[in-house]
Amino acid sequence: MASIAFSSGHLSSANNIRLSIRTRNASISCKVSFEGNGKPDLQTLTSNQEKLPKLFTPYDLGRDSTKKDKSKLRLLSGTANPTLSQEIASYMGLDLGDLKIKRFADGEIYVQLRESVRGCDVFIVQPTCPPANENLMELLVMIDACRRASAKTVTAVIPYFGYARADRKTQGRESIAAKLVANIITEAGADRVLACDLHSGQSIGYFDIPVNHIHGQAVILDYLASKTICAEDLVVVSPDVGGVARARAFAKKLSDAPLAIVDKRRHGHNLAEVMNLIGDVKGKVAVMVDDMIDTAGTISKGAALLHQEGAREVYACCTHAVFSPPAIERLSSGIFQEVIITNTIPVSEQNCFPQLTILSVANLLGEAIWRVHDDYAGAFEHFSDLGID
C-alpha cells in the first residue's frame, strides 16, 4: 500500500521539523510534518559515512498576538482538492468557509457564499488539475463571487497551475496559454496568486498581480534527508536538459550531490525518446527530479537508461502527480525503488501502488497564507531555504 504523509494542526510528535528564519525584529518559523512516511531503512550508516543534513529542525510556532485578527481571514475550497484544503485549514486552526458549489444540468457552474467575506482577506484553494477546464472555470467563478461580496483581497492559492507547460512558442502559430490563463485569473478579480512549483519561472511574469512562488520540493528534500542513504552514493539526475537548473538546486541541498543529465529528443506531445546519459551513475543511488509526472514516459525511459548504466537504485521525485494513462503502469513496473510525490493534485485510490509515497504540502501552504495575511515584512525574501519566494 502507498505510504501517505498528512499534515495536521497539532504537530507534537518527535518527527516534527522546523526551519527558523531571522528577520529584523523576530524569529519566524514554519512546520512541516512527515509522520508515517517512508519504508523501513534499507541501509545503516557507519561512523565514516556522511548522513544527509536535515533541512528543518524541531520547534513550536509562537504567533505574535499583535498581528491581525484571524476573524478577517477566510479560507475557501473548491472541489478540485478538498482534502488538501482541509489539511491547510487544520494547520492554520481555521474552519473552511461555507459556500455552495453545484453544476447545472448543462454543465454550468454555480457558486454562492453562505457567509460574509466583507472586508476579509479571502484565500481560495483550487488547483487547476484534470479536468483542467472545469477546475479553472470553478476558480474564476469563486473569485468573482468573492469580489462581488466585497472581500478586501482575494488570493488564488493554486497548488498546481494548469496550462503552465504552454509558456512559450516552440513553433509558428502556437498559443501561449499560460499567459492567457494568467490574464483571465487577473481579470476575474484576483489580487494575488500563491502557486507551487510552476513549470518555469517565467510564468510569474505573465501575471500583472503579485505572485508568491512556493517550492514544494523542500518537503521532498527533507524526506530524502531523513532516509539512511550514504551521501557519497547519491547522484541527482535531471530527466531532461530543461530541468538542469531545478536538479542542480536540488542536488546542492543534498550535500552538494553530483549531477547527471538524461539527454532526450521529444518527437511529439507526451512522447519522449532517451538518447544519452551525461554523468556517472554506476553503483550509485540515482534520484530523478522533475516538477511533474504526466504520462511518465520521460522519467521511466530515463530510469531504464540509468539501470543500463549501472545505477544501484532509482528514485523518482516530483511535486505534481498528474498521472495520465499509462503513468501508473510505467511507474509500478519495478524500475523505481520509490516514487515520491506531493498532494498538490489528489491521487485516487486506484492510482496508488506499493512504491508510491505521498507527502503533504499543507503546512507549507498554510504558513505561506499566514505570512501573506499577516503582512510579514521581508518574510518571503528570508524564506528561500523553505522555498517561499
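Just so you know, the residues in each chain are numbered from 1, in the order the chain's sequence is written. Given that this is a predicted model, residues contribute local features only at a pLDDT of at least 70 and side-chain atom pairs are listed and counted only at 80 or more, while totals for whole chains, interfaces and linings are drawn from all residues. As a rule here, side-chain values come from all non-hydrogen atoms in the structure, and water together with hydrogens is ignored.

**Q** Can you help me understand the overall build of the protein in this one?
**A** Secondary structure elements follow DSSP: runs of H or I no shorter than four residues count as helices, runs of E no shorter than two count as strands, and numbering proceeds from the N terminus. Scanning the protein from N- to C-terminus turns up 8 helices and 17 strands. When a residue's accessible area, from a 1.4 Å probe over protein chains only, is under 20% of the maximum for its type it is buried; when over 50% it is exposed; and in between it is partly exposed. Scored against the burial criterion, the 389 residues of the protein give a buried share of 54%. Sequence separation of 24 or more characterises 69% of the internal contacts of the protein that already satisfy a separation of 6 or more. If you sum the accessible surface of the protein, you get close to 17400 Å²; carbon and sulfur atoms cover 49% of it. In what follows, a contact means two residues having at least one pair of non-hydrogen atoms within 4.5 Å. Each accessible area value is a Shrake-Rupley result obtained with a 1.4 Å probe; residue values ignore everything except the protein chains displayed when judging cover.

**Q** How should the pattern of salt bridges be read in this particular structure?
**A** Oppositely charged side chains are able to pair whenever their charged atoms sit close together. Each salt bridge in this description consists of a side-chain nitrogen of Lys or Arg and a carboxyl oxygen of Asp or Glu lying within 4 Å of one another. Counting across every chain of the model gives 12 salt bridges. Between Glu-138 and Arg-103 there is a salt bridge, and its shortest N-O distance comes to 2.7 Å. Note that Glu-138 is positioned in helix α2 (residues 132-148) and Arg-103 in strand β5 (residues 99-103), a separation of 35 residues in sequence. Arg-103 gets classed as partly exposed once you look at its relative accessible area, which sits at 33%. In this structure, Arg-148 and Asp-144 form a salt bridge, with 2.8 Å as the shortest nitrogen-oxygen distance. One end of the pair is Arg-148 and the other is Asp-144, both in helix α2 and 4 residues apart, which spans about a single turn. Judged by relative accessible area, which is 60%, Arg-148 ranks as exposed. For Asp-144, a relative accessible area of 24% puts it in the partly exposed group.

**Q** I would appreciate a short explanation of the sheet that holds strand β7 (residues 121-125) in the present structure.
**A** Whether parallel or antiparallel, the strands of a sheet pair through hydrogen bonds between backbone atoms. Strands qualify as paired when DSSP identifies two bridges or more between them. Read from one edge to the other, the open sheet built from 5 strands follows the order β4-β7-β8-β9-β10, with strand pairing classed as parallel. In this open sheet, the two edge strands, each paired with only one partner strand, are β4 (73-77) and β10 (211-214). Strand-to-strand twist in this sheet, taken as the mean axis angle between neighbours without regard to direction, amounts to 15 degrees. Sheet topology note: the β4/β7 ladder contains 5 bridges and is parallel. For helices, the axis comes from a line fit to the C-alpha atoms of the stretch in contact; other axes are also lines fit to C-alpha atoms, and the angle between any two N-to-C directions lies between 0 and 180 degrees.

**Q** How should the confidence of the model for the protein be read in this particular structure?
**A** Regions with low pLDDT carry predicted coordinates that are not meant to be interpreted in detail. The predictor's confidence in any single residue is recorded as pLDDT, a number from 0 to 100. The share of residues in the protein with pLDDT of 70 or more is 76%, and the mean pLDDT across the chain is 82. Below a pLDDT of 50 lies the segment residues 5-66, which in the model reaches 156 contacts outside its immediate sequence neighbourhood of four places, other chains included.

**Q** Got a minute to help me understand the side chain of Arg-74 in this structure?
**A** Relative to the elements of secondary structure, Arg-74 occurs in strand β4. For Arg-74, a relative accessible area of 18% corresponds to the buried category. For the purposes of these results, a polar contact is taken to be a pair of N or O atoms within 3.5 Å, where, inside protein, one atom must be able to donate a hydrogen and its partner to accept one; residues adjacent in sequence count only when each atom of the pair is a side-chain atom. A polar atom in the side chain of Arg-74 sits 2.5 Å from the backbone oxygen of Ser-71. Among the polar contacts listed, one links the side chain of Arg-74 to the side chain of Glu-115, at a separation of 3.1 Å. Setting aside residues up to four positions removed in sequence, Arg-74 forms contacts with Glu-115, Ser-116, Val-117, Cys-120, Asp-121, Val-122 and Phe-123.

**Q** Please explain the environment of Met-275 as it appears in this structure.
**A** Turning to its location among the elements, Met-275 is positioned in strand β13 (residues 271-278). For Met-275, a relative accessible area of 46% translates into the label partly exposed. For the pair formed by Met-275 and Lys-301, sequence separation is 26 residues and the distance between their alpha carbons is 9.7 Å.

**Q** Would you mind going over the packing of helix α4 (residues 217-225) against helix α5 (residues 244-253) with me for this structure?
**A** How two helices pack is summed up by the angle between their axes together with the distance between the axes. Packing of α4 against α5 brings their axes to within 10 Å, and their N-to-C directions diverge by 40 degrees. On the basis of the axis angle, α4 is oblique to α5. Where α4 crosses over α5, the two elements pack in a sense that is right-handed. Contacts from Gln-217, Ile-220, Leu-221 and Leu-224 in α4 reach Arg-246, Phe-250 and Lys-253 in α5. Polar here means any residue outside two lists: the nonpolar Ala, Val, Leu, Ile, Met, Phe, Trp, Tyr, Cys and Pro, and the charged Asp, Glu, Lys and Arg; Gly therefore counts as polar. For the contact of α4 with α5, a count of residues per class yields 4 nonpolar, 1 polar and 2 charged. Oblique is the label for any angle not under 35 degrees, not over 145, and not in the 65 to 115 range, which are roughly parallel, roughly antiparallel and roughly perpendicular in turn. It is the rotation of the near helix from the far one that decides the hand of a crossing: anticlockwise by less than a right angle makes it left-handed, clockwise makes it right-handed.

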